[in-house]
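# Examining the three-dimensional arrangement
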Amino acid sequence: MNRPQVDIPTQPQPPFPLTASSHIVSGFGRGSLDLGIPTANIPMESLSQQFHDLPVGVYFGFCRVSPNLTYKAIEVKLLATPDSQQQRAVEFSYGHKLSEKELITVFPHVMSIGWNPFYQNKEKAAEVHIMHKFDRNFYGAAIEFNVLGYIRPELDYTTKEALIADIQEDIAIALRTLDSDGYKKYSEL
Ligand code: ADP
Ligand code: MG
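The rules behind these values
- Residues numbered from 1 in each chain as written.
- Chains lettered and ligands numbered in written order.
- Predicted model: local features only at pLDDT ≥ 70, side-chain atom pairs only at ≥ 80, totals over all residues.
- Heavy atoms only, no water.
- Helix = DSSP H or I, 4+ residues; strand = E, 2+ residues; numbered from the N terminus.
- Buried < 20%, exposed > 50% of the residue type's maximum accessible area, 1.4 Å probe, protein only.
- Contact = heavy atoms within 4.5 Å.
- Areas by Shrake-Rupley, 256 points an atom, 1.4 Å probe, with all protein chains shown as cover.
- Lys, Arg positive; Asp, Glu negative; His and termini not counted.
- Charge placed at Lys NZ, Arg CZ, Asp CG, Glu CD.
- Near = heavy atom within 4 Å.
- Polar contact = N/O pair within 3.5 Å; in protein donor to acceptor, adjacent residues only side chain to side chain.
- Nonpolar A, V, L, I, M, F, W, Y, C, P; charged D, E, K, R; others polar.
- Core = buried A, V, L, I, M, F, W, Y, C linked by side-chain atoms within 4.5 Å.

Scanning the protein from terminus to terminus reveals five helices and nine strands. Reading the protein from its N terminus to its C terminus gives the helix and strand order β-α-β-α-β-β-β-α-β-β-β-β-α-α. By principal-axis analysis of the C-alpha atoms, the protein measures approximately 45 × 40 × 30 Å. Burial status across the protein gives 42% buried among its 189 residues. Summarising the internal contacts of the protein: among those between residues at least 6 apart in sequence, 74% fall at separations of at least 24. When the accessible surface of the protein is summed, it comes to about 10,600 Å², and 51% of that surface belongs to carbon and sulfur atoms. Separation between the mean location of the 17 positive side-chain charges and that of the 22 negative ones in the protein comes to 3 Å.

In the vicinity of ligand 1 lie 21 residues, with Gly27, Gly29, Ser32, Phe138 and Tyr139 positioned nearest. Within the backbone of Thr39, one N or O atom sits 3.0 Å away from an oxygen atom of ligand 1. In this structure, a nitrogen atom belonging to ligand 1 sits 3.0 Å away from a main-chain N or O atom of His132. In the complex, the protein chains occlude 95% of the 560 Å² of accessible area that ligand 1 would expose alone. Counting only elements with at least two residues in the shell around ligand 1, the list comes to α1 (30-35), β2 (40-42) and β7 (124-130). Residue composition of the shell around ligand 1, by class: nine nonpolar, 10 polar and two charged.

Here we take up the nonpolar core. Within soluble globular proteins, side chains that are nonpolar generally end up buried alongside one another. Among the nonpolar cores identified, the biggest contains 32 residues, and Ile24, Phe51, Met111, Ile130, Ile143 and Phe145 are the most heavily contacted of them. Setting aside residues no more than four positions away along its own chain, Met111 makes contact with Phe51, Gly57, Val58, Tyr59, Ala126, Glu127, Val128, Phe145 and Val147. Phe60, Val110, Ile167 and Ile173 belong to the second largest nonpolar core, which has 14 residues in total.

Following this line, the structure appears as structure tokens:
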């Protein structure tokens, strides 16, 4: 399958930039396990109507993660897996274990808005892959981000390798675009 060619404008065009602040929830844990590309899942309810109006697809922008001050202690939660017979233990560190450097850095991200397998693909889901290698998970952390543009529609894949290759391409496009003059200035969140 070929990805459609999307021309990215030299600076954000309406409805972009969009901004949001939210917290990270857990999904099925598939992103890291299956693809090696973790995505911080964001509850759609925490996003403005403009996000709900976006077509499903892949977007990009800048983000910053920080501790979620509502939760002081780290918890381990038992959560559902796709195979509902089983549960997985997930550490909710609420961002309290992020490094000093990670707390002050604004990272580039690619965001997918797609149909959520968790809800039998009946509801939309927003997932943010941050272009940074974190040493550990930060479930429950606060996240602020903007969305500056659109890369491509949601596509169906027959192989995992094809999906991974497309995400790598999305990441390359996002990094290149975010480093350009029309976009760089939006890194001040
Ligand atoms: P889930 O289905 O629970 O979202 P994932 O396999 O997609 O599971 O992993 C997501 C989690 O991985 C995030 O919630 C976050 O805590 C962690 N994580 C580690 N590195 C990154 C990264 N570079 N971008 C996004 N999330 C990351
Ligand atoms: Mg995810």
